[in-house]
Amino acid sequence: MNRTLGIILFALSTTTSAAGFLEPMELEKLTPHPDVEGVYRYLTPGAAAASSYDKVIMGSVSFFFSEDSKVKSIEADEMKAISDALKSAFVMAASEYRSVVLSPGEGTALVNLAITDINMQNKKRGLLGYTPIGLVVSTAGNLAGLRVELREAHIEGELVDSVSGEVISIFRVEEITDIDGKKKMSWDDLVGTLQASLTQAMASWQ
């Protein structure tokens, strides 16, 4: 289960893969989070409680594609925009309850995130056929200009002791909430759901 030792420093890198973040045996262990609707988790037996960590650090963001996805890659500027938006959501959610830091240390929990089961198709391009990088604002509510259209996705991740690398818990956000009233899933829905879920989860650490 240990995926952390090589990325324990504050990671800005983003990876793509057709595999999954959580392994099948890990997914089988997940049970509904008692305080956060639509989220499933597993607490590692014998690991320190999340409440014992007073600081958090954002780790890596990984992308994993569904076999059914027509598109299995994201261009670098759009990948960075999505990754930055997720990290901004993390900081906004975490800072309400914990100190957000930039390096590992005692009392610091590392959060690694992954967008999994990504199913997407290319959006219809306008006359220019591209989105200027300068217009991609990487915060929740500003990812509508991306060239890739999201059909389905989930969020998975792990909470890790930033010093020992011990996995404290793993989690999966099964339900992505529609934040703009549209039936079609968007990247903004995914970012908004992450922020709301993390806020509720960290509130339950108290």
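Just above, that's the structure.
Owing to the predicted nature of the structure, the values given are computational and were not obtained by experimental measurement.

Conventions adopted
Residues numbered from 1 in each chain as written. Predicted model: local features only at pLDDT ≥ 70, side-chain atom pairs only at ≥ 80, totals over all residues. Heavy atoms only, no water. Salt bridge = Lys/Arg side-chain N within 4 Å of Asp/Glu carboxyl O. Helix = DSSP H or I, 4+ residues; strand = E, 2+ residues; numbered from the N terminus. Buried < 20%, exposed > 50% of the residue type's maximum accessible area, 1.4 Å probe, protein only. Core = buried A, V, L, I, M, F, W, Y, C linked by side-chain atoms within 4.5 Å. Contact = heavy atoms within 4.5 Å.

What follows concerns the pattern of salt bridges. If you walk through the whole model with that rule in mind, you get five salt bridges. For R172, the salt bridge is made with D117, and the minimal N-O distance between the two is 3.0 Å. Placement of the pair is R172 in strand β8 (residues 167–173) and D117 in strand β6 (residues 108–122), with a sequence separation of 55 residues. R172 sits in the buried class, given a relative accessible area of 11%. Take D117: its relative accessible area is 30%, and that puts it in the partly exposed class. Put simply, E156 and R172 hold a salt bridge, and the shortest N to O gap is 2.4 Å. Here E156, found in strand β7 (residues 148–161), pairs with R172, found in strand β8; they are 16 residues apart in sequence, far enough to count as distant.

Another point: the nonpolar core. Judged by nonpolar contacts, the single largest core of 45 residues is most densely connected at F63, I74, L86, F90, I115, I118 and W187. Those elements that place two or more of their residues in this core are β4 (55–65), α2 (76–94), β6, β7, β8 and α3 (187–203). The biggest single contributor to this core is α2, with nine residues. Here I74 is in contact with F63, F65, M79, I82, M120 and W187, once residues within four sequence places are set aside. Among the nonpolar cores identified, the runner-up in size contains twelve residues, and L30, I57, F64 and V167 belong to it.

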